[in-house]
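# Report on the structure
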Amino acid sequence: MSQGVIEFWQTMYRNKKAFSGMIILALFIFMAVFGPMLATLDMTVNFEGRYESPSFAHWLGTDYGGRDTFLQLVYGSRDVLQIGLFAAMFTLVLGFVIGAVSGFAGGKTDTVLMFITNLFLTVPSFPVLMIVAALVQIKNPIMFSFILAAWSWAPLARAVRSQLLSLKNREFIIACRIMGLKTPYILFREILPNLTPYLAINFIMAAQGAIVASVGLMMLGLAPYSPTNWGMMIQLAVQNTGGIFNPKGYIYLVSPIMCLGLFQMACIFFSNGLEEALNPRLRT
Amino acid sequence: MNLLSRHKRISSLCLSALLPALMIVSGCGSSAPDLVDRLNAGNVQDMRQPIPDAQIMYNKDKIFRILGGWPKPPLYQGNPFGSGGIGDNNTRYMYEGLFYFIRSMNNVYNRLAESSEDNELTTTVHLQRNVKWHDGEPFTSKDVWAYYRLNNGAEVTKYLTSIDTPDDYTVVFHWRNPAPYPELRKLLLAQDLQGEIPYHLYKKYVDKADALLKEAKPLTDKSKDGPFNLDITDDLSKQMALNWNEFTRSGPATPVGTGPYKFEKVTTTDMLLDKNEDYWRPDAVHFDKIWIKNVPELSAQYALVKAGKLDWYDGTPPKDILDSLLKQNKDILHYRMYDPASVGLMYNIRNKPFDNVKFRQAMTYVLDKTKLREIGNYYGQEYPKISMTGIMPSSLDKEVDASVLNQMTDYTTNLEKAAQLLNEIGWKKGSDGNWRDPNGKVPSFIIGAPNNWAPGVNSAQIAAEQFTKFGIPTKLKAVDSTIYFANADKGQYDMSMDWVDISWGFQNAWSSMRVLFWQGTKTKVGFPNVKKKDANGNEVDTGKLDLKLKGIDGKVYDIDQEMKRYPYVQDEQERRELIANLAWIANENCWGVNFFQNATGAWLNTKTMSGDFPMMDQIVPYNRDMPIATDPEEQLAITHLNHGFNSSYMPEEYWPR
């Protein structure tokens, strides 16, 4: 194992927040990958068994249709993580490439790319998504993630451009230019490593943003309705329990909120550690 | 200094101990006996009749608080036909018609009509004499005439030849020959609010429309429709549309009707209506103001009900929420009633394999309607035997003879039957549990539903799960309602959710069949239309239904002709046979599934409002959660409390308390 990797893990281990975040994320990934293999979710309605309290048979009780809440969370985690990770990846690639090219190239390229970026920042997403919903049929999580990313890359592109404007005049970049190295090489081999901590944090934030936004797209009809998606579970819980008006449904209502909260908290903790591990200036 | 601060501390301690005690004591003192307490104590005077102002305890300002929606200012305008209208439910407080009807029960009452009489080809209506528009002008027969000359797309005009106004207070409707049967004539008139187009405000547009109608020639082709039996050419139609569009943009800024309440003011969240002091039935109006709140979020609506901030609320939430609200606010009284509408799914017969009746029937056999109803609307009523008949299921026994009902295919859940039908059309079940079509492909179907319709979305999700579990992978798309209906009408989904077996207007079997064969269900199912060639040889869709199917007697019927024939059939038995045949055809062809007939409710805040509550002897035993009435008189009384099933307003039904 290289020295860098060892140092990375040591930093992560020393940072208690980051370590706990990493453990929680690992648990969620384990849940998403292996959970559905270990237990079967039966979504058949059992109305008499609705809103049951937690028990050995139903760890987090049951929902408004008598279905197991915990198993819904387990099955939903695959959906949630898939959408979150793909959307974050697309956001990152789009945001970095557009921001970096814009900042590095400057001139007309910068003007055009920033015009497009500003357009995406200012055009309200709702009416555009309505049109997209009428035109596009989402058939897989990748396409779903791409549409989510289409409205989240712009702030990142602007931020990357700003970072790049400061980096490109540093001595080591000027040296690269004098040496005649090509732009893609400079961007990906010299600049990208300097932006890694920033991008890593954005990756995590984009993932959690996409999970929340995915519910909105489902409710627009852009994507098929997934009742085990955590965000959708919250929506269904509020709709069927009236939020706070059905005390029997509190556990069902709180469970996906807790799960989503825990996931977001883990992401934030983990990204905090990532920054420390990847940004040499923060290491003591 | 220290002493002073110690004194201060002691006094503040005393005060903090005293304050909660005072609050508790004052709270106890002001707590009023709840509805059950009052009924147990026999304290029911204010439930028999309105009480004098001096005795009003909880609603001294005499305000009736409800929910509603309207175009937000500055878009708000006073023309009910203008863009967005004047608000969905608000029309009924400010406008009136000659008659009004109870949507679920077909009772028709006089309103602006004092009386009416039918002759063979005429209906003469005598108007109330002391009716004034909100701007003080008298309401006369000219206004009724103006309503139909301008709004000549109103359905009843297809059955009329002319409208005469022999004097200011008499209107004579002349029917085409043959005329619709007498009961239908009144229902056709009762579905309009004739007091919506004051002639003195819209003279310019009414006279223009009248002049255009006078240019039209009488219809010679009996199979065609036209207002007042006139043949409206394309050119005339364009001019009329232009005139209508100008009318809808002509204002006024605030509504002018004849109803019991006048518009006072509107904001984004609130609308205030003021009692019409010139109202022609002054004794019928007991509230001074109506305060309408615009609260779209369901949870916020429940919060208002719970807090007693609404006096009347329409709808029935999921069972556990309903139980919880009744438990938390002991002044609430909730009446349930059947809705003349069912939640259902329609197959898109434009898409394969839904064009195959056996496939549709197989899908229908898969569904367990009890589970769909439990999740969609617990208090609804499922009818497992039928697919979709075009008739409100609760009146199927009344409308269709038992001999016909017995010949209808029974679609009660039957997975073996579903498998057998699929096998018959070449489908095979794979080792993974999924069915494959004759080409070996596993299907993947989409059910579309409007996202803001909880009963539809919830039950459709269960249906998708039932299909998937059976081996036909199906997903639900809950689509934003602003685009859903256009998408569904264009056939974008394999299956679409909407109200089915419903009558939006008066309730008779033909009315709900119109929705099936001519309106919303038709477009979602995708029934074919008659096509014809235009002058250039291009194929043109006429919009006229092209559906010829075998009836119960084995003969082939043109459905469009049968539907058009119905209003003119004078013999009741013949009408019953016609309807029974169409219901049988609909059930056998299985174009959709009636999941369950909806149940809705009226919530009454008995602390601030009172009324002559029906089934009063059952309020205590049922602890204010009233069951669906079985006695027709009680059913009617409950629909009165629910504003004629949310289609009218009966100010005399409630009073402040």
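Small disclaimer: the values here were computed from a predicted structure and weren't measured.

Glancing now at the overall build of chain B. Scanning chain B from terminus to terminus reveals 23 helices and 26 strands. If you line up chain B on its principal axes, its C-alpha atoms span 105 × 75 × 50 Å. Sorting the 657 residues of chain B into buried and exposed places 56% on the buried side. The contacts of chain B with a sequence gap of at least 6 include a subset with a gap of at least 24, amounting to 71%. Both charge centroids of chain B, one from 76 positive and one from 83 negative side chains, sit 6 Å from each other.

All right, on to the pattern of salt bridges then. Considering all chains together, one arrives at 34 salt bridges over all chains under this definition. In this structure, Arg67 of chain A and Glu465 of chain B form a salt bridge, with 3.3 Å as the shortest nitrogen-oxygen distance. Residue Arg67 of chain A is located in the loop between α2 (16-38) and α3 (69-105), and its partner Glu465 of chain B is located in helix α16 (residues 454-470); the two belong to separate chains. Residues Arg67 of chain A and Glu465 of chain B agree in their burial class; the two are buried. A salt bridge links Arg576 of chain B to Asp401 of chain B; its shortest N-O distance comes to 2.6 Å. Placement of Arg576 of chain B in helix α21 (residues 572-589) and of Asp401 of chain B in the loop between α13 (396-399) and α14 (402-405) is noted, with a sequence separation of 175 residues between them. Overlapping salt bridges bring together Arg50 and Lys248 of chain A together with Asp320 of chain B as one network.

This brings us to the domain arrangement of chain B. Residues and elements named next belong to chain B. Here chain B is partitioned into domain 1 (63-68 + 260-331 + 606-656), domain 2 (91-248) and domain 3 (341-597). Inter-centroid distance (C-alpha atoms) of domain 1 to domain 2 is 31 Å. Of the roughly 2,100 Å² buried at the junction of domain 1 and domain 2 (both faces included), carbon and sulfur atoms supply 59%. Our count for the domain 1 to domain 2 interface comes out at 0 salt bridges. Residue assignment for the side of domain 1 that touches domain 2 shows that the elements contributing at least two residues are β10 (261-266), β12 (289-293), α22 (632-641) and α23 (643-646). With 5 residues, the top contributor of residues to the side of domain 1 that touches domain 2 is α22.

Turning our attention to the sheet that holds strand β6 (residues 160-167) of chain B. Residue and element names in this part refer to chain B. Strands sit in the order β4-β5-β7-β6 across an open sheet of 4 strands; the sheet is antiparallel. Every interior strand has two partners, whereas the edge strands, β4 (113-118) and β6, have only one. Strand-to-strand, the axes of this sheet are offset by a mean angle of 20 degrees, without reference to chain direction. When β4 meets strand β5 (residues 122-127), the two strands line up antiparallel, connected through 5 bridges. Residue pairing in the sheet places Asp118 in a bridge with Thr123 of β5.

Our focus in this paragraph is the pairing of strand β19 (residues 495-500) of chain B. All names here are of chain B. Among the 6 residues of β19, 6 are classified as buried, and the element is accordingly described as predominantly covered. When strand β14 (residues 332-347) meets β19, the two strands line up antiparallel, connected through 6 bridges. Bridge pairing in β19 links Val343 to Trp499. Alignment of strand β17 (residues 445-450) against β19, held across 2 bridges, turns out to be parallel. Residue pairing for β19: Ile447 is matched across the bridge by Met495.

Counting from both sides, the interface comprises 36 residues of chain A and, opposite them, 32 residues of chain B. Both faces considered, chain A and chain B share a buried interface measuring about 2,800 Å² in area, 55% of it formed by carbon and sulfur atoms. Considering only the surface of chain A that becomes buried against chain B, Phe47, Tyr225 and Phe245 of chain A emerge as the three largest contributors, covering 26% of it. Elements with a minimum of two residues in the side of chain A that touches chain B: α5 (125-135), α9 (183-220) and α10 (230-241) of chain A. No other element matches the 5 residues that α10 of chain A contributes to the side of chain A that touches chain B. Residues belonging to the side of chain A that touches chain B are distributed by class as follows: 22 nonpolar, 10 polar and 4 charged.

Thresholds, definitions, all that
The written sequence of each chain sets the order in which its residues are numbered from 1. For naming, the first written chain is A and the first written ligand is 1, with later ones following in the order written. Local features in this predicted model are restricted to residues of pLDDT 70 or higher, and side-chain atom pairs are both shown and tallied only at a pLDDT of 80 or more, whereas totals for entire chains, interfaces and linings draw on every residue. In computing side-chain values, all of the structure's heavy atoms are included and hydrogens and water are not. Only DSSP runs of H or I with at least four residues qualify as helices, and only runs of E with at least two residues qualify as strands; both kinds are numbered from the N terminus onward. Whether a residue is buried, partly exposed or exposed follows from its accessible area with a 1.4 Å probe, protein chains only, as a fraction of its type maximum: under 20%, in between, or over 50%, in that order. Every residue pair with non-hydrogen atoms within 4.5 Å of one another is taken to be in contact. Counting rule for charge: Lys and Arg are taken as positive, Asp and Glu as negative, and neither His nor the chain ends is counted. Note that the charge is assigned to NZ on lysines, CZ on arginines, CG on aspartates and CD on glutamates. Criterion for a salt bridge: a side-chain nitrogen of Lys or Arg within 4 Å of a carboxyl oxygen of Asp or Glu. Each domain's extent is set by a domain assignment, obtained either automatically or from a database. Here the buried area means the combined drop in accessible surface, using a 1.4 Å probe, for two parts upon being joined, counting both sides. Here a strand pair is declared whenever DSSP counts at least two bridges between the two strands. What counts as an axis is a line fitted to C-alpha atoms, over the stretch in contact for a helix, and the angles between N-to-C directions run from 0 to 180 degrees. Note on residue categories: nonpolar means Ala, Val, Leu, Ile, Met, Phe, Trp, Tyr, Cys or Pro, charged means Asp, Glu, Lys or Arg, and polar means any other residue, Gly included.

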